[in-house]
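Observations on the model geometry
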Amino acid sequence: MDLSALAVQVLAGLTYGMLLFMISVGLSVIFGLMGIVNLAHGVFFVLGAYIAFSVLGGGAGFLIALVVAMVAMAVLGVLVERLLLFRSYGDELGQVLLTFGLAFIIADVIKMIWGNRLQSLPTPSLLDFSVSVGGITFPVYRLVVVLVGCLLALLLWYLESRTRIGAIIRAGVDDREMVAALGINVTLVFAGVFAFGAALAGLGGVLGGPVLGMYPDMGFEILVLSLIVVVLGGLGTWKGAFVGGVLVGLVEIFGQAYFPSLSLVIVFLLMAGVLLVRPAGLFGRSPAS
Amino acid sequence: MSLLSVEGLGKSFDGLRVLRDVSFAVQPGQRHVIIGPNGAGKTTVFKCIIGLLSADSGSITVDGRDVTGLPAHARVSLGMACTFQKTSLFWRLTVEENLHLALLARKPYRFRLWRPLPWHADLRREARELLEEWGLWSRRDHRVGELSYGEQRMLEIVLALASGPRILLLDEPTSGMSPAETARAASLIRELPRSVALLIIEHDMDVVFSVAEHITVLHHGEVFLSGPPERVRGDERVREIYFSGGARPHA
Amino acid sequence: MTRATGTRVPWPGVAALALLVLLLPLALPAFGVGIATEIYVMAIFAMSLGLIIGYAGLVSLGHAAFFGAGAYTVALLGERVSNTYVLVAAAVAVAALLACVSGALFFRSTGAYFLMLTLAFAQVLFAAAFQAESVTGGSDGMGVSVAPDLGFGEISGELGLYYLMGGSFLLCYVLLRLFVSSPAGRVVRGIMENELRMRALGYNTFSYKLFAYTLAGGVAGFAGALYSYFNLYVTPDLLGWVFSGQALIMVIVGGTGTLLGPAVGAAFFIVVRNYVSFYTEYWALIMGLIFIFFVLLGRGGIVHLLQAGWRRLLAARAPRRPREGRSAAGSAKERAP
């Protein structure tokens, strides 16, 4: 096996995995904390990419576009949570249906504004080169994406284990009612977590723009993969999203290389296999009876 | 031979040991009460016996038959029935419909795909008999959600009896009841047929001593004492367990 | 005898429905017959999803997997076999088998996990059909080379297909109705109401749920087979979650908790889609908004609104009694799921 090609594949897999991590962590924590399966999460990913597309088209730099997209997604997240979802807390089916309807609507809005064609974001010129390590050439942009993913993981680790908010969220995932009973402003926490998750999805979308491209229906497809990541990694845990994301990213990329017509099937089998051994996912907690 | 025999039951959650070597036996027709302070593991024992939790170690035997590996629904057909601490009924259905479902569970036609349910006359007759016996016939058309708390608890006991069990497990049957409802519930429990053994988890000491023929005291997941009521009542240590760190109760 | 919460097969209603199916072509314009035919097929699909959501309490976002499996079975097998009964039976069998296997695997997981797993499952089948180009024609899909033949000649005209699909719809409705009011059907509903209590009463809830799920899968496969005969062309998106989602919209908008609700929802969906797409290509947006409206309304779908309106009408016409107004509102609240 050609080492050079293998290494590049691994990098591609890691890159994809980091992008999945970014979108999945929001999905996982939102579900663990609020019990909402946010089916609109995929469109947050894609919408972020499209907004960056427009900002870039207006002449701004990549970084600015990234920030704008993330802020826009955070705002959208808060709006969705406050206006739409807060009415139906306790009605989990209703919430799922609402996010589902929203996903449909936003996908069509994207078509309206940006058209149906496949687009992509230009790789930021600063990072648009390759580097040679040990005789193998790696595109620097992808290395940066992996780096950003690791930094994000570090940030989340710090937030979870060293800060009060991390403790609150962990407690909330374990027992929602108890947290509310402790007098913590649950509304603020929920809105904040939702916004943060949406922003991260947007981050993933923008960073993924040069690598994956975007099209209006992409939100659905990336959602399915991130659902698999969430189930595989375990609900409510960012660690699960990280490990799950990397695993799925690698398997998907290698699957596409060697068994192109079966890559998703292989990913699915991987998930099923994990579930058989650990029904709550790799890092998930088994629900108390 | 004991009707229900629990031996060496052990259970841990995420590394925390909740039950350790719990053993006791319930004789046919016996009124056996489990008491113990909060966190002693009473509800865990309960769930292990009815099959909602699988024990890590030990065995549970009904009439000499090992049921430790059996799922909950299979234990019912061996004569086990239960009510829960948090009332668990079919809220949107009427009292009568609740009972129909309970009775249907033992009928051979429960798998049938034709002949709508109300056509089965024996079901309706048995439901009526049970409801009348327990004074709930007048409420038969009401949705369970409309019943008073005491009536709901009673209905749950009726549902459990519908399967004709040999042993009935009650998890804190009087919790949340007013003194009047509690007294009524206690007397109803005393009037339950002798063909049914009772294994009751209870907190209210008045109820415990008015019903129990045998008491098992659980503490920190272990059996502290198991014997007739007089022995338990007279044991200083039991009182200490209950009120350790707190004021002594009035005698 | 207690009222049976209205679940016995309402034969007068079925007769009225049959009459409607019979006479509808007379009242419709030329293109209407084709639309009505499509509605019957979708109504069967939607009813099968409505069965598991509204009677078994299982929310699935991957129901199209069974529909598409049925459709592709007819398309693929139809290249070698032409007997309609064999093809339809095969479609139902394949779909039911898929449902049984996936249900057995996924029921170990609770509500939200189950939802996500069914979604992923449907997408996997979609991806498989999409990528297996040599067999299924890939994203282009494949044509169906057979026509339905019940034993007295090929049915290929528009009217013939209409009556075939309409008759199938009636048949499915009656079958599902019988199931729902049977003892087994009552058990399934009990499981939806309180699975813990059902297990404590001695029911093997897993096998009952699995049976309902397999039945629904089979019916969806039947609808898929009919679709193949109707559309003469199958594509991978018949398997994916977008299509599953459309069925879900039909069920919710039409109304859960009743068998005909989803059928009404299917009619609503198709009519609105055709109407709106006449003016704009963004009919999904409109549909999404309508859908969200119904979800927020929270009082069930169209069928429940109609029922409530009907009851109000009856109450208004009844001779005056002091509690009259309250009873109409009270019973409307009782009926809503």
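Please read these numbers as outputs of a predicted model, since none were measured by experiment.

With respect to the environment of Ser130 of chain A
- Residue placement: Ser130 of chain A occurs in strand E1 (residues 130-133).
- Every residue in contact with Ser130 of chain A, bar those within four places of it in the chain, is listed here: Thr137, Phe138, Pro139 and Val140 of chain A.

Points about the interface of chain C and chain A
- Each partner contributes to the interface: chain C provides 34 residues, whereas chain A provides 31 residues.
- Of all elements in the fold, only helix H5 (111-131), helix H11 (241-254) and helix H13 (283-297) of chain C reach the threshold of two or more residues within the side of chain C that touches chain A.
- Top element by residues in the side of chain C that touches chain A is H5 of chain C. It accounts for 13 residues.

Focus on the pairing of strand E1 (residues 4-13) of chain B
All names here are of chain B.
- Relative to strand E4 (residues 57-62), E1 runs antiparallel, the two sharing 5 bridges. From the neighbouring strand, Val6 faces E4, where its bridge partner is Ile60.
- Linkage of E1 to strand E2 (residues 16-26), two consecutive antiparallel strands, is achieved through a turn of 2 residues, within which Asp14 is found at a positive phi near 50°.

Considering the environment of Gly273 of chain A
Residue and element names in this part refer to chain A.
- For Gly273, the position within the fold is in helix H11 (residues 263-277).
- Given 11 C-beta atoms within a 10 Å radius, Gly273 is considered exposed.
- For the pair Gly273 and Leu232, spaced 41 residues apart in the sequence, the C-alpha separation amounts to 9.2 Å.

Observations concerning the packing of helix H2 (residues 41-57) of chain A against helix H9 (residues 218-233) of chain A
Residue and element names in this part refer to chain A.
- Here H2 crosses H9 at 125°, and the two axes come no closer than 7 Å. Between H2 and H9, the angle is such that the two are oblique. Seen from above, H2 lies across H9 with right-handed handedness. Contacts from His41, Gly42, Val43, Phe45 and Val46 of H2 reach H9 at Met218, Gly219, Phe220, Ile222, Leu223 and Ser226.
- Grouping the amino acids of the contact of H2 with H9 by side-chain chemistry returns 7 nonpolar, 4 polar and no charged.

A word on the nonpolar core
- The biggest cluster of nonpolar side chains holds 284 residues, and the ones touching the most others in it are Ala52 and Ile228 of chain A together with Ala43, Ile44, Ala46 and Ala212 of chain C.
- Among the elements that line this core, the one with the most residues is helix H1 (residues 3-34) of chain A, at 16 residues.
- A domain split of this core shows at least three residues from each of domain 1 (4-79 + 165-244) and domain 2 (91-151) of chain B.
- Discounting chain neighbours no more than four positions away, the residues touching Ile44 of chain C are Ser168, Phe169, Cys172, Val219, Phe222, Ala223 and Leu226 of chain C.

Observations concerning the interface of chain B and chain C
- Between chain B and chain C, the contact holds 32 residues from the first and 24 residues from the second.
- Among the elements that take part in the side of chain B that touches chain C, helix H3 (residues 95-104) of chain B stands out by supplying 4 residues, more than any other.

Points about the sheet that holds E2 of chain B
Residues and elements named next belong to chain B.
- Read across the open sheet, the 4 strands follow the order E2-E1-E4-E5; overall the sheet is antiparallel. Since the sheet does not close on itself, it has two edges, and those belong to E2 and strand E5 (65-66), each with one partner.
- Examined bridge by bridge, E4 and E5 share 2 bridges and lie antiparallel to one another. Paired with Thr61 across the two strands is Asp66, which belongs to E5.

With respect to the domain arrangement of chain B
- The assigned domain composition of chain B is domain 1 (4-79 + 165-244) and domain 2 (91-151).
- In this structure, domain 1 of chain B and domain 2 of chain B have C-alpha centres spaced 28 Å apart.

Focus on the sheet that holds strand E8 (residues 197-201) of chain B
All names here are of chain B.
- Read from one edge of the open sheet, 6 strands run E6-E7-E8-E3-E9-E10, paired in mixed fashion. The two strands at the open ends of the sheet, each matched to only one other strand, are strand E6 (80-83) and strand E10 (222-227). The mean angle between the axes of side-by-side strands here comes to 15°, regardless of whether they run parallel or antiparallel.
- Relative to E8, strand E3 (residues 31-35) is paired through 4 bridges, and the arrangement is parallel. When the bridges of E8 are listed, His32 appears paired with Leu199.
- Seen against the sheet, helix H1 (residues 42-50) touches E3, E6, strand E7 (167-171), E8 and strand E9 (214-219) and runs at an angle of roughly 145° to E7.

Focus on unusual backbone geometry
- The backbone of Asp21 of chain B shows a phi angle near 50°, a positive value even though the residue is not glycine.
- Mapped onto the fold, Asp21 of chain B is located in strand E2.
- Note on Asp21 of chain B: 13 C-beta atoms within 10 Å, which makes it partly exposed.
- Despite not being glycine, Leu232 of chain C has its phi angle at roughly 60°, a positive value.
- Mapping Leu232 of chain C onto the fold places it in the loop between helix H10 (205-231) and strand E2 (233-234).

With respect to the confidence of the model for chain B
- Per-residue confidence for chain B gives a mean pLDDT of 86, with 94% of residues at or over 70.
- Confidence over residues 245-251 of chain B falls short of pLDDT 50; this stretch has 2 contacts with residues more than four positions distant or in other chains.

Comments concerning the pairing of E8 of chain B
All names here are of chain B.
- Counting buried residues in E8 gives 5 out of 5 residues, a clear majority hidden from the surface.
- Of the two faces of E8, the one lined by Ala197, Leu199 and Ile201 and the one lined by Leu198 and Ile200 are each fully buried.
- When E7 meets E8, the two strands line up parallel, connected through 5 bridges. Within E8, the position partnered with Ile167 by the bridge is Ala197.

A short note on the packing of helix H3 (residues 64-77) of chain C against helix H4 (residues 84-106) of chain C
Residue and element names in this part refer to chain C.
- Between H3 and H4, whose axes approach to 8 Å, the crossing angle comes to 145°. Regarding H3 and H4, the two cross each other, and that crossing is right-handed. Mapping the contact onto sequence places Ala65, Phe66, Ala69, Gly70, Thr73, Val74 and Leu77 in H3 and Leu87, Ala90, Ala91, Val92, Val94, Ala95, Leu98 and Ala99 in H4.
- The residue inventory of the contact of H3 with H4, partitioned by class, reads 13 nonpolar, 2 polar and no charged.

Here is what the cut-offs are and how they apply
Residues numbered from 1 in each chain as written. Chains lettered and ligands numbered in written order. Predicted model: local features only at pLDDT ≥ 70, side-chain atom pairs only at ≥ 80, totals over all residues. Helix = DSSP H or I, 4+ residues; strand = E, 2+ residues; numbered from the N terminus. Contact = placed C-beta atoms within 7 Å. Pairing = 2+ DSSP bridges. Buried ≥ 20, exposed ≤ 12 C-beta atoms within 10 Å, placed from the backbone. Axes fitted to C-alpha atoms, helices over the stretch in contact; angles between N-to-C directions. Parallel < 35°, antiparallel > 145°, perpendicular 65-115°, else oblique. Left-handed = near helix turned anticlockwise from the far one by under 90°. Nonpolar A, V, L, I, M, F, W, Y, C, P; charged D, E, K, R; others polar. Core = buried A, V, L, I, M, F, W, Y, C linked by C-beta atoms within 7 Å. Domains from an automatic or database assignment. pLDDT = per-residue confidence, 0-100.

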